[in-house]
Amino acid sequence: MASGCEILIETSSKSIAKKITSIAQNEAMRIEHKFSRYKKNNIVYQINSANGEKVSVDDETARLLDYASHCYELSNGLFDITSGVLREVWKFDGSSNIPNEKEVDAILPRIGWDKVNWKNKTLKMQPGMQIDFGGLGKEYAVDRTASLIKNKYETPALINYGGDISVTSPRQNGRPWEIGLQNPDNTQSAIAKVELFKGGVATSGDLNRYLVKNNIRYTHILNPKTGWPIDRAPRQVTVLADTCIDAGMLSTFAILQGENAESFLAQQNVESRIIY
Amino acid sequence: MQLKKSQSIKQKLALASSALLLATPSISAEKKEAKITDVDKIGISQLYYTEEERVTVNKTQVLINKEINESNLVKFNYVYDTMSGASPNGRIYSVISDDNSITYTTASGSANTVANNSSGEGIEAWKTSFEDTRKAYNAEWEHEFFRTFKGVVGGGYSTENDYESKTFSGKFLLDVNQRRTTVTAGMSVSLDTVSPFGGVPEGSSVLTCHEFAAFRPTWLECDNIKTIFAPGDKVVKDYLIGVTQVWNRRTLMQFNFAFSTEDGYLTDPYKQVSLVSSELDGGELAVLHEKRPDTRNTQSLFYKVIHVPTDKIGLRGSYRLYWDDWGVIAHTFNSHIRYDLLSKVYVQAHGRLHWQGAADFFQPYVGADSGSLYHSSSRPNIISADSRLGELANITAGIKLGIKINKDSNASIRIEKLQTRYDNKLLPQLETLITQFNLYFKF
């Protein structure tokens, strides 16, 4: 998952705790193996190296692609799982290595979910295009894990994969789970407190993943239409929703709105926090 | 870069994710189920409070909460308020004035106030314009020893024209029973000094005598009125033990027992007692300063229930039983019903019933003639005519409208009618309209 994975279980039974932990571990590993773009011989690798050929996918991959397709529609093309190829020119390492316009423009023809032929569990993509579930995989793993645990145990548990969180139920005492919201300026401290009875919370932002040139901070959240970072994007957006993946999408959509992030979230009527 | 149909994106995402996660879509994302609150808070509140023809308070408050780390939280609080108005001072005007009013003293003493009151010049004299200001500073440090055990220590300082108070407090909070039960034990000590212009008068000494009174009780020394002034110090120690119980997700109960000891100058330097003579048709022969005992021990039991039957309605009810060794006993019932009209607007109805019995040494006046009511054949040792120590009943009914301006700021307006009935028939029944306006901004 390229981040810390944590699971909190509220039980006095060591054996239940062990069983729940192994459910979580197995599911996280399974999803990582299946959908990581860094692994070979998984479905993502197969799609990305198909070189213009049709690829048939299994049910779960189809559901993820459907979901990504919905997100593309709902964000009016701003959330696009084919935009990962921009990483070839954008290296978000805190440096000042900004690509030039020609480099970026050369990449753009290889981006666009609308250019992908996706129907009947079959996907056909132009050569050179790639898909990447990085924008939703972690949240998906969190929700899947939470639901597997919930189906088997009544024990309250909190699943946290790199700051994307889902809870299975309120705490045993009926109170909410209390989660600190990290201060982007001082990662040792919390800037706010999240209280969660159910559902999930996700934070999107550019903590440690940005470029600075001429005092302009370039966020790692890129506009797939222009190939350039979103203008005046908030540094961090946290959203609470019924699932972690919804929370993650809403926070990403908000950042993609740039300076309109706040009014976007207000329209959605979700509990959220924006840090500029 | 406008997103499509923003309003329904949340619902559409929820449908899409339920297909992805093979789950039943949840119908509403209940916003109340989750919230984000600030750890570091700076708040400013402005409150305007007025009791019709009596007291007006303008209060500005600044609050700062700073979380140092996970187990240490520091809070600072600064209050600045101005107060103006009048409150009963214990003397009887009803007998000699036409309009049956009682006399008033001002909120707390400036030189003007005392001089005008003591001259007994009538109603206008005590209406001298007046303003007192109070500044209060509080700091609190909250430390979590472990997840279920917390300690809080605090200190406070407040000052007015004629009053100074220093407070030190400490308490422990222990969560037990899977954190459904919180046990609290705490104490505080406050060192107070009242120093009206010139100092505090000696208790039960003579303030003024009627010039033409032919008959005077032998104990009344009018020829050589000598008021002794000194600052009045007192020490108050409060102790509290309490239990808060989470009954279920919608119900919470709280039970407290509190007791306190007060030592020192407990007399109110602005309260007086009339010496009444039939020779003056029941008018004032003289005016004495009141005098209270120099110790007081109080106890109270308090029970409160908070119940939230639905997401839109909140109910709060409480009862307090109070008693002390001055002979005062009091019962207070308080209730609030809150209803969310809209997501950002609520109304709250408030009802309060309060009854208290008189202190042993309370008497509305002293009778100069032998055989008269409240007659005293010697200078009274302990005496007060302060209506707040007499038998009384209060009924309060009111309504409050609150508006959430944005996430962290709110405004409210409260209107209440307070009716006070005194057992003492010399005191008129009071009807007071209370209005309060409150604004709170947080950064």
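Residues numbered from 1 in each chain as written. Chains lettered and ligands numbered in written order. Predicted model: local features only at pLDDT ≥ 70, side-chain atom pairs only at ≥ 80, totals over all residues. Heavy atoms only, no water.

> I'd like a rundown of the sheet that holds strand β13 (residues 272–275) of chain A, residues and numbers included.
Residue and element names in this part refer to chain A. Spatially, 6 strands are ordered β1-β5-β6-β9-β12-β13 in an open sheet, and the strand pairing comes out antiparallel. Two strands lie at the open edges of the sheet, namely β1 (5–9) and β13, each paired on one side alone. Adjacent strand axes in the sheet meet at a mean angle of 10 degrees, parallel and antiparallel pairs treated alike. Helix α5 (residues 137–152) rests against β1, β5 (157–161) and β6 (164–167) of the sheet, and its axis sits at about 160 degrees to β5. (Pairing = 2+ DSSP bridges. Helix = DSSP H or I, 4+ residues; strand = E, 2+ residues; numbered from the N terminus. Axes fitted to C-alpha atoms, helices over the stretch in contact; angles between N-to-C directions. Contact = heavy atoms within 4.5 Å.)

> Describe in detail the side chain of E262 of chain B, supporting the description with residues and values.
All names here are of chain B. Tracing the chain through its elements places E262 in strand β12 (residues 251–264). Buried E262, no salt bridge; nearest opposite-charge side chain is R296, N-O distance 4.5 Å. If we ignore the near neighbours within four places in the chain, the residues touching E262 are V235, V236, D294, T295, R296 and T298. (Buried < 20%, exposed > 50% of the residue type's maximum accessible area, 1.4 Å probe, protein only. Lys, Arg positive; Asp, Glu negative; His and termini not counted. Salt bridge = Lys/Arg side-chain N within 4 Å of Asp/Glu carboxyl O.)

> Which residues make up unusual backbone geometry, and what are the values?
Residue and element names in this part refer to chain A. Of note, N76 is a non-glycine position whose phi angle comes to about 55 degrees, a positive value. Examined against the element boundaries, N76 turns out to sit in the loop between α3 (59–74) and α4 (101–107). Look at N76 and you get partly exposed, because its relative accessible area is 31%. Its identity as a non-glycine residue notwithstanding, N269 has a phi of 55 degrees, on the positive side. Classification of N269 by relative accessible area gives partly exposed; the value is 45%.

> Break down helix α1 (residues 9–20) of chain B for me, with residues and values.
Side chains three or four residues apart in an α-helix point the same way, a direct result of the helix having 3.6 residues per turn. Taking 1.5 Å of rise per residue, 12 residues should cover 16 Å, and α1 of chain B covers 16 Å from first to last C-alpha, within 8% of that figure. Within α1 of chain B, burial applies to I9, K10, L13, A14, A16, S17, S18 and L20 of chain B. Where α1 of chain B is buried, its residues meet α3, α5, α6 (244–256) and α7 (261–268) of chain A. Following α1 of chain B by one or two positions, L22 of chain B adopts a phi angle in the positive range, close to 55 degrees. (Expected span 1.5 Å × (residues − 1).)

> Tell me about α3 of chain A, residues and numbers included.
Residue and element names in this part refer to chain A. Its 16 residues give α3 an end-to-end C-alpha distance of 22 Å, which sits within 8% of 22 Å, the value for a rise of 1.5 Å per residue. Most of α3 is tucked away: 12 of the 16 residues are buried. A side-chain oxygen of the first residue of α3 lies 3.2 Å from the backbone nitrogen of E60; this N-cap is D58. Backbone geometry just after α3 places N76 at a positive phi near 55 degrees. (Polar contact = N/O pair within 3.5 Å; in protein donor to acceptor, adjacent residues only side chain to side chain.)

> Before we move on, could you go through the packing of aromatic side chains and cite the residues and values that matter?
Each pair of aromatic rings is reported with the distance of its centres and the angle of its planes. Residues and elements named next belong to chain B. This model, assessed by the stated rule, comprises 12 aromatic pairs over all chains. Here the aromatic rings of Y239 and F259 are separated by 4.8 Å at their centres, their planes lie at 15 degrees, and the arrangement is stacked. A residue pair is termed long-range when its members are at least 10 positions apart, and Y239 in strand β11 (residues 232–248) and F259 in strand β12 qualify at 20 residues. The class for F259 is partly exposed, based on a relative accessible area of 34%. Lying over the aromatic face of W326, R296 brings its terminal NZ or CZ to 4.0 Å of the ring centre. Between R338 and the ring centre of Y346, over which it is positioned, the NZ or CZ distance is 3.7 Å. (Phe/Tyr/Trp six-rings, centres within 6.5 Å; stacked < 30°, edge-to-face > 60°. Lys NZ or Arg CZ within 6 Å of the ring centre and 35° of its normal.)

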